[in-house]
Amino acid sequence: MTFKKIQHLLLILFLFVLPWQTRYIWQEGVLANGHWEYGTFSVYGTEILLWVILLLFFIQNFFKKQIWVDLFIQPKGIKNILFLGGIIAISISVVCSDHFWVSYQYVIRLLEALAISIVYVQQDERKRYTYLLALWWGGVVQGILAIYQFLTQYVVGSKWLGMAVQEPQNGGTSVIEFGIERWLRAYGSFGSPNSLGIYLAVLFVVGLIVYLTVDSPRYKLLISAGQLFIVSGLAFSFSRSAWVAALLGVFSLLLILYSKQKHSTSIYAKQLAFALVAVTFWILIFYPVFAARFNIHNRLEAQSISERQGQYAEGLSFIRSNLLFGVGPGAYTYALSKKYPDLFVWQYQ
């Protein structure tokens, strides 16, 4: 098997397992005598896989002149100048960071994302479609897992899968509260329901794009079924920002289709109708839980809104006092601890 074939298969695997949080922690972060996630140094299983892919790509393309021309010589214009300026600004921000090593780790992962995007764009169109499918199937798995977690009201813990036990009665767990009841929000394999929500919001829109590009009725039926799992998982994340993101993505895609392929809008509308039926079904069954999420007088919801307003105000004050380079990528919680040394770690995070 050639390097190119191995790289292709590993990239499919990488995109499919991307949501899983399995990692080796080599130094746990501690702040205010508590676990500090942003200051925890670790390497993810998917990160190791990514570096193997990048190594194989490097071996194959190092001596190909066209690759270097496409990356560094051919690109011109204001976008590339802004991109280069952004990289320089981030580099200076790391050097000037309140916590150099936290920012260093943060930027390394940003560069990893840029590197894998370069690998992606160098592939032919057929392979890109395969990678998009792999990413989408990963979302289907997360949707199924989210449905299971919400219906059972339990997140199974596993160090090999990078998942911690989550139960609604435990403090610190993301829940919806109404009356004396606490309902667990779905986590998927992520560390928070909001992360799951935004991931599934993106992949729901990806699924619409995939559906519009296939011709086989069998595959269309399969994608339609997968989309129902994704939109159900998105609903059970109870992430309002993710719901808004999904709606914006759907609306944007509709505008693109209407302007370029008007004949596709009817197919698109059918897919949205199926999704709406699925969401309506869950809302009717669990109406009190969904209603509580939109009740701004609910204790947890009022507390959430109040805390966010305070966070936005605090964030703006830091921007004003560190206008040029910030406090360093990923170092905001550390900067908060210096300003307010008597808070609990979860309040910084």
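Structure: see above.
Only a predicted model underlies this, so the values are computations on that prediction, with no experimental measurement involved.

Enquirer: Where do I start with the overall build of the protein chain in this structure?
Expert: Looking only at helices and strands, the protein chain has 14 helices and six strands in total. Counting only C-alpha atoms, the protein chain reaches 65 × 55 × 40 Å along its principal axes. Within the protein chain, buried positions represent 40% of all 349 residues. When contacts within the protein chain are restricted to residue pairs at least 6 apart in sequence, those whose partners lie at least 24 apart make up 66%. For the protein chain, the computed accessible surface area is about 20,500 Å², with 69% contributed by carbon and sulfur atoms. Treating the 26 positive side-chain charges of the protein chain as one cloud and the 16 negative ones as another, the clouds have centres 12 Å apart.

Enquirer: Looking at this structure, how should I read the pairing of strand β5 (residues 175-178)?
Expert: Regular strands show a simple pattern: their side chains alternate between the two faces of the sheet. Bridge count between β5 and strand β6 (residues 181-184): four bridges; the pairing is antiparallel. Its bridge partner being in β6, Glu177 is matched across the sheet by Arg182. Hairpin remark: β5 followed by β6, antiparallel, with two residues in the connecting loop; positive phi at Gly179, about 65°.

Enquirer: Can you walk me through the nonpolar core in this structure?
Expert: Among soluble globular proteins, nonpolar side chains are generally buried collectively. In this structure, Leu11, Phe14, Ile53, Phe236, Phe238, Phe286 and Phe290 are the most contacted members of the largest nonpolar core, which totals 57 residues. Of the residues forming this core, the biggest block, 11 residues, is contributed by helix α7 (residues 193-213). Setting aside residues up to four positions removed in sequence, Leu11 forms contacts with Ile53, Ile116, Val119 and Tyr131. By size, the runner-up hydrophobic cluster in this structure holds 10 residues, among which are Trp36, Val102, Phe318 and Val345.

Enquirer: Explain helix α5 (residues 100-121) to me, please; I cannot follow it from the model alone.
Expert: Given 3.6 residues per turn, any residue in an α-helix points the same way as the ones three and four places further on. Between the first and last C-alpha of α5 there are 32 Å, a value that for 22 residues agrees with the 32 Å anticipated at 1.5 Å per step. Among all positions of α5, only Val102, Ser103, Gln105, Val107, Glu112, Ile116 and Val119 are buried.

Enquirer: Explain the environment of Gly315 here, please?
Expert: Secondary-structure assignment places Gly315 in helix α12 (residues 299-321). With 68 residues separating them in the primary sequence, Gly315 and Leu247 have C-alpha atoms 27 Å apart.

Enquirer: What exactly am I supposed to notice about the pattern of salt bridges here?
Expert: Pairing is possible between side chains of opposite charge, provided their charged atoms come close. Enumeration over the complete set of coordinates arrives at five salt bridges. Among the salt bridges present, the one from Glu37 reaches Arg23, with a minimum N-O distance of 3.0 Å. Linking Glu37 in the loop between β3 (34-35) and β4 (41-44) with Arg23 in strand β1 (residues 23-27), this pair joins segments that are 14 residues apart in sequence. Residue Arg23 is classed as partly exposed on the basis of its relative accessible area of 25%.

Enquirer: Would you explain the environment of Trp136 in this entry?
Expert: Within the secondary structure layout, Trp136 lies in helix α6 (residues 125-152). Judged by relative accessible area, Trp136 falls into the buried class, the value being 0%. Setting aside its immediate chain neighbours within four residues, Trp136 contacts Leu203, Val206, Gly207, Leu222, Ile223, Gly226, Gln227 and Ile230.

Enquirer: Hey, could you run me through unusual backbone geometry in this one?
Expert: One can expect most non-glycine residues to show negative phi and most peptide bonds to be in trans. Of note in this structure, Asn33 is not a glycine but carries a positive phi near 60°. Mapped onto the elements, Asn33 comes out in the loop between β2 (30-31) and β3. Positive phi outside glycine occurs at Gln153, with the angle close to 55°. Summarising the element assignment, Gln153 is placed in the loop between α6 and β5. Residue Gln153 is classed as buried on the basis of its relative accessible area, which comes to 17%.

Enquirer: Please explain the packing of aromatic side chains as it appears in this structure.
Expert: The geometry of an aromatic ring pair is captured by the separation of the ring centres together with the interplanar angle, meaning the angle of the planes. This structure, assessed with the given rule, holds 23 aromatic pairs. Aromatic side chains Trp243 and Phe290 sit 6.4 Å apart centroid to centroid with 25° between the ring planes, which places their arrangement in the stacked category. Placement of the pair is Trp243 in helix α9 (residues 240-260) and Phe290 in helix α11 (residues 287-293), with a sequence separation of 47 residues. Assigned by exposure class, Trp243 and Phe290 land together as buried. In this structure an aromatic cluster arises from ring pairing among Phe150, Trp183, Phe236, Phe238, Trp243, Phe281, Trp282, Phe286, Phe290 and Phe294.

Enquirer: Would you mind going over the side chain of Lys220 with me for this structure?
Expert: Summarising the element assignment, Lys220 is placed in helix α8 (residues 217-237). The side chain of Lys220 is buried and forms no salt bridge, while Asp215, the nearest opposite charge, is found at 5.9 Å. Once residues within four sequence positions are removed from consideration, Lys220 is found in contact with Tyr211, Val214 and Asp215.

Enquirer: Could you clarify how one ought to interpret a nonpolar patch on the surface in this entry?
Expert: A surface patch of nonpolar side chains, amounting to about 480 Å² of accessible area, comprises Phe3, Leu55, Phe58, Ile59 and Phe62. If one sorts the elements of the nonpolar patch by residue count, helix α2 (residues 45-61) sits on top with three residues. Mapped onto the elements, Leu55 comes out in helix α2.

Enquirer: Sorry if this is basic, but what is going on with helix α1 (residues 3-17) here?
Expert: The first and last C-alpha atoms of α1 sit 21 Å apart over 15 residues, in line with the 21 Å expected at 1.5 Å per residue. Among the residues making up α1, those that are buried are Gln7, His8, Leu10, Leu11, Phe14 and Leu15. Along its buried surface, α1 packs onto α2, α5 and α6.

Enquirer: Is there a simple way to explain the side chain of Thr46 in this structure?
Expert: The residue Thr46 is located in helix α2 in this model. With residues up to four places along the chain from it excluded, the contact list for Thr46 reads Phe14, Val17, Leu18 and Trp20.

Rules used throughout
Residues numbered from 1 in each chain as written. Predicted model: local features only at pLDDT ≥ 70, side-chain atom pairs only at ≥ 80, totals over all residues. Heavy atoms only, no water. Helix = DSSP H or I, 4+ residues; strand = E, 2+ residues; numbered from the N terminus. Buried < 20%, exposed > 50% of the residue type's maximum accessible area, 1.4 Å probe, protein only. Contact = heavy atoms within 4.5 Å. Areas by Shrake-Rupley, 256 points an atom, 1.4 Å probe, with all protein chains shown as cover. Lys, Arg positive; Asp, Glu negative; His and termini not counted. Charge placed at Lys NZ, Arg CZ, Asp CG, Glu CD. Pairing = 2+ DSSP bridges. Core = buried A, V, L, I, M, F, W, Y, C linked by side-chain atoms within 4.5 Å. Expected span 1.5 Å × (residues − 1). Salt bridge = Lys/Arg side-chain N within 4 Å of Asp/Glu carboxyl O. Phe/Tyr/Trp six-rings, centres within 6.5 Å; stacked < 30°, edge-to-face > 60°. Patch = residues over 30% accessible without salt bridge, like charges linked within 9 Å, V, L, I, M, F, W, Y side chains within 5 Å.

Limitation: the analysis is restricted to geometry and does not speak to function.
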